[in-house]
Amino acid sequence: MEILKTTEKIASLQKVFNLIFKSKDPFNEIFTENIYDNLLLRPTDGYQLTEEQFKALQKAIQETQNQDVFISITEYRDMFSSDSEHWKIDSNLDYDGYTNLGIFLENAIYSSDGTWGILISHENHAVIGGNPLFIDTFKKYYPSWQNDILVFENLWVENQKEYGSDISWIKEFKNHLNIF
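Below is a summary of the structure that appears in this document. (Residues numbered from 1 in each chain as written. Predicted model: local features only at pLDDT ≥ 70, side-chain atom pairs only at ≥ 80, totals over all residues. Heavy atoms only, no water.)

Quick word on the overall build of the protein
Counting its secondary structure elements, the protein contains 6 helices and 7 strands. Along its sequence from the N terminus, the protein presents helices and strands in the succession β-α-β-α-β-β-α-β-β-β-α-α-α. For the protein, the residues scored as buried account for 48% of the 180 residues in total. Considering only contacts in the protein between residues 6 or more positions apart, those separated by 24 or more positions represent 71%. (Helix = DSSP H or I, 4+ residues; strand = E, 2+ residues; numbered from the N terminus. Buried < 20%, exposed > 50% of the residue type's maximum accessible area, 1.4 Å probe, protein only. Contact = heavy atoms within 4.5 Å.)

Here's the deal with the nonpolar core
Formed by 29 residues in total, the largest nonpolar core has its most connected members in L49, L57, Y98, I109, I118 and F138. It is helix α2 (residues 51-64) that provides the largest number of residues to this core, a total of 5 residues. Ignoring anything within four residues of it in the chain, the contact list for Y98 reads Y47, Q48, L49, F54, I71, L93, I109 and I120. Listed in part, the 20 residues of the second largest apolar core include L13, V16, Y110 and V127. (Core = buried A, V, L, I, M, F, W, Y, C linked by side-chain atoms within 4.5 Å.)

Examining the pairing of strand β6 (residues 116-120)
The side chains of a regular strand alternate between the sheet's two faces. Of all 5 residues in β6, 5 are buried, a share of seventy percent or more. Going residue by residue along β6, you find W116, I118 and I120 tucked away on one face and G117 and L119 tucked away on the opposite face as well. Both strand β5 (residues 107-111) and β6 contribute to a ladder of 4 bridges, which runs antiparallel. Along β6, the bridge assignment pairs I109 with I118. (Pairing = 2+ DSSP bridges.)

A word on the sheet that holds strand β2 (residues 37-41)
Taken in spatial order, the 7 strands make up an open sheet running β1-β4-β3-β5-β6-β7-β2, and their pairing is antiparallel. In the strand order of this sheet, the two ends are held by β1 (2-3) and β2, each with one partner. Across the face of the sheet, helix α1 (residues 7-20) comes into contact with β1, β3 (69-73), β4 (86-89), β5 and β6 while running at roughly 85 degrees to β5. With respect to the sheet, α2 is in contact with β2, β3, β5 and β6, its orientation differing from that of β6 by roughly 165 degrees. (Axes fitted to C-alpha atoms, helices over the stretch in contact; angles between N-to-C directions.)

Describing the packing of α2 against helix α4 (residues 132-141)
Between α2 and α4, whose axes approach to 8 Å, the crossing angle comes to 135 degrees. Judged by the angle between their axes, α2 and α4 are oblique. Here the hand of the crossing between α2 and α4 comes out right-handed. Listed contacts from α4 to Q53, A56, L57, K59, A60, I61, E63 and T64 of α2 are L133, F134, T137, F138, K140 and Y141. Within the contact of α2 with α4, the residues separate by chemical class into 8 nonpolar, 3 polar and 3 charged. (Parallel < 35°, antiparallel > 145°, perpendicular 65-115°, else oblique. Left-handed = near helix turned anticlockwise from the far one by under 90°. Nonpolar A, V, L, I, M, F, W, Y, C, P; charged D, E, K, R; others polar.)

Points about the environment of K22
Its place among the elements puts K22 in the loop between α1 and β2. Excluding its chain neighbours within four sequence positions, the residues that come into contact with K22 are E29, I30, F31 and T32. In terms of polar contacts, K22 uses its side chain to reach the side chain of E29, at 2.6 Å. (Polar contact = N/O pair within 3.5 Å; in protein donor to acceptor, adjacent residues only side chain to side chain.)

Some details on the side chain of S84
Examined against the element boundaries, S84 turns out to sit in the loop between β3 and β4. Here S84 falls in the buried class, since its relative accessible area comes to 0%. Only 2.5 Å separates the side chain of S84 from the backbone oxygen of S81, close enough to count as a polar contact. Here H86 takes part through its side chain, which lies 2.8 Å from a polar atom of the side chain of S84. Not counting residues within four places of it along the chain, the set of residues in contact with S84 comprises K5, I10, Y76, D78 and M79.

Here we look at the pairing of β3
Here β3 lies mainly inside the structure; 5 of its 5 residues are buried. Of the two faces of β3, the one holding V69, I71 and I73 and the one holding F70 and S72 are both buried throughout. As paired elements, β3 and β5 share 5 bridges and run antiparallel to each other. The residue of β5 that forms the bridge with S72 is A108.

In short, shape yes, function no, at least from these values alone.
Following this line, the structure appears as structure tokens:
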């Protein structure tokens, strides 16, 4: 694991992030046109993936490219300022190492080559997007994927009734679900 602080490293992170994400908002248009398929994960373990989700991510990384992975805190107004927090982690980092990073804010986990990414929300969900091979491999190791979006959508329909929550983004998100 390496903490990334230099201006040059943070600038290169921003370029990779922008290949994957249109926004750091996990309730809106999330992924760029470079990202073909996506899934919604629910629940997460606060601001981190559950152990099952993390292990599926590791397997997907190892089977598709075994590249370095970045984690960036997204809750900063300017998440690529010199005060922001970013890590470069090896794809072999175990779950305990991941949870010991001490991430307590919304964050993104993404590939160093810009082919997949995950945004983790404070609402105990995450969105994951990537190329079909990556998403198919992730699904192979995370069998709960089919149920997760249904649980999330049902919860937010109830929240919409009670609090007026905007869930209009889910319809567009579901258009890119790789369900086969």
